[in-house]
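Descriptive analysis of the structure
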Amino acid sequence: VELNEATMAVINADGYAEKASAAEGVKVAGCVQRYCDNRNGANGEQSVSVKRGTFVWDNDGTIKETDILKKCYIKDEQTVTITADGSSVAGTILEVAEDGVTVDMTQV
């Protein structure tokens, strides 16, 4: 798996980090702090540095200002959505602005 800096990472059912995508049953790990490339390695051969906290992610257009303090869900490694179907929780919406959605990922 290849994880790019400043993207969202999740932990899959097997306990390994992967790019965030709309999928049920994954746990959001946080924001990738350093590029990690384990495409040619065995599972667990590389470690990825992630940080939990509050981050601004892209809005897929479904999140409105009236959604503050609601849960948002993973759309992809840079985008969140209000749609829960087929996805997993990214965090709690703290702010909705033109440049993105501020998401608290600490309580997930």
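Residues numbered from 1 in each chain as written. Predicted model: local features only at pLDDT ≥ 70, side-chain atom pairs only at ≥ 80, totals over all residues. Heavy atoms only, no water.

1. Considerations on the pairing of strand β10 (residues 89-97)
On a regular strand, one side chain projects to one face of the sheet and the next to the other, so that they alternate. Worth spelling out the cut-off: When DSSP finds two or more bridges between two strands, those strands count as paired. Numbering goes from the N terminus for both helices and strands, where a helix is a DSSP run of H or I of at least four residues and a strand is a run of E of at least two.
As judged from the three bridges shared by strand β8 (residues 71-76) and β10, these two strands associate in the antiparallel manner. Bridged to Y73 within β10 is V89. Sheet analysis places β10 next to strand β11 (residues 100-104), joined by five bridges and oriented antiparallel. Residue A97 lies in a different strand from β11, and its bridge partner there is G100. Following β10, the chain reverses through two residues before pairing antiparallel with β11.

2. Let's talk about the sheet that holds β8
Definition in use: The convention used is that axes are lines fitted to C-alpha atoms, helices contributing only their stretch in contact, and that angles between N-to-C directions extend from 0 to 180 degrees.
The five strands are arranged β7-β9-β8-β10-β11 in a closed barrel whose pairing can be described as mixed. Each adjacent strand pair in this sheet contributes to an overall mean axis angle of 60°, direction not counted.

3. Things to note about the environment of V32
Heads up, the condition is: Contacts are assigned to residue pairs that have any heavy atoms within 4.5 Å of one another.
Following the sequence through the fold, V32 ends up in strand β4 (residues 27-32). Along the primary structure V32 and T7 are separated by 25 residues, whereas in three dimensions their C-alpha atoms are 5.5 Å apart. If we ignore the near neighbours within four places in the chain, the residues touching V32 are L3, N4, E5, A6, T7, A9, V48, S49 and V50.

4. Concerning the pairing of β11
Which entries qualify depends on this criterion: A 1.4 Å probe rolled over the protein chains alone gives each residue an accessible area, and that area as a share of the maximum for its type sets the label: buried under 20%, exposed over 50%, partly exposed in between.
Along β11, five of the five residues are buried, which leaves the element largely enclosed by surrounding structure. Here strand β7 (residues 54-59) runs beside β11; their pairing, made up of four bridges, is antiparallel. Its bridge partner lying in β11, T54 is registered against D104.

5. With respect to the nonpolar core
As a reminder, the rule being used: Side-chain atoms within 4.5 Å are what join buried Ala, Val, Leu, Ile, Met, Phe, Trp, Tyr and Cys residues into a set we call a nonpolar core.
M8, W57, I74 and V80 are the most contacted members of the largest nonpolar core, which totals 18 residues. Of all the elements in the fold, those that place two or more residues in this core are β2 (8-11), β4, β7, β8, β10 and β11. Looking at which element gives the most residues to this core, the answer is β10, with three residues. Among residues more than four places away in sequence, those in contact with V80 are M8, W57, D58, N59, D60, I63, C72, Y73, K75, A90, V101 and V103. Core analysis: the second largest hydrophobic core is formed by five residues, L3, A9, V32 and C36 among them.

6. Side note on a negative patch on the surface
Formally: Patches here: salt-bridge-free residues with over 30% relative accessible area, like charges joined within 9 Å, nonpolar side chains (Val, Leu, Ile, Met, Phe, Trp, Tyr) joined within 5 Å. Working definition of accessibility: Shrake-Rupley area with a 1.4 Å probe, residue cover restricted to the visible protein chains. Within this document, salt bridges are pairs made up of a side-chain nitrogen of Lys or Arg and a carboxyl oxygen of Asp or Glu, the two lying within 4 Å of each other. The charged-residue count follows a simple rule in which Lys and Arg add positive charge and Asp and Glu add negative charge, with His and chain termini not counted at all. Where a charge lies is defined by one atom per residue type, namely NZ (Lys), CZ (Arg), CG (Asp) and CD (Glu).
Residues E65, E95, E98 and D99 make up a contiguous surface patch of negative charge. The exposed category is assigned to D99, whose relative accessible area is 62%.

7. Some details on a nonpolar patch on the surface
Taken together, the side chains of I68, L69 and L94 make up a nonpolar region of the molecular surface, amounting to roughly 280 Å² of accessible area. Relative to the assigned elements, I68 resides in the loop between β7 and β8. Residue I68 is classed as partly exposed on the basis of its relative accessible area of 38%.

8. Considering the packing of aromatic side chains
Using the following cut-off: Between rings of Phe, Tyr and Trp, where Trp is taken as its six-membered ring, a pair exists when centres lie within 6.5 Å; planes separated by under 30 degrees are stacked, by over 60 edge-to-face, and by other angles tilted.
Evaluation of the coordinates by the stated rule reveals one aromatic pair. Arranged with centres 6.1 Å apart and planes meeting at 50°, the rings of F55 and W57 form a pair that is tilted. Comparing F55 with W57, the two get one shared label, buried.

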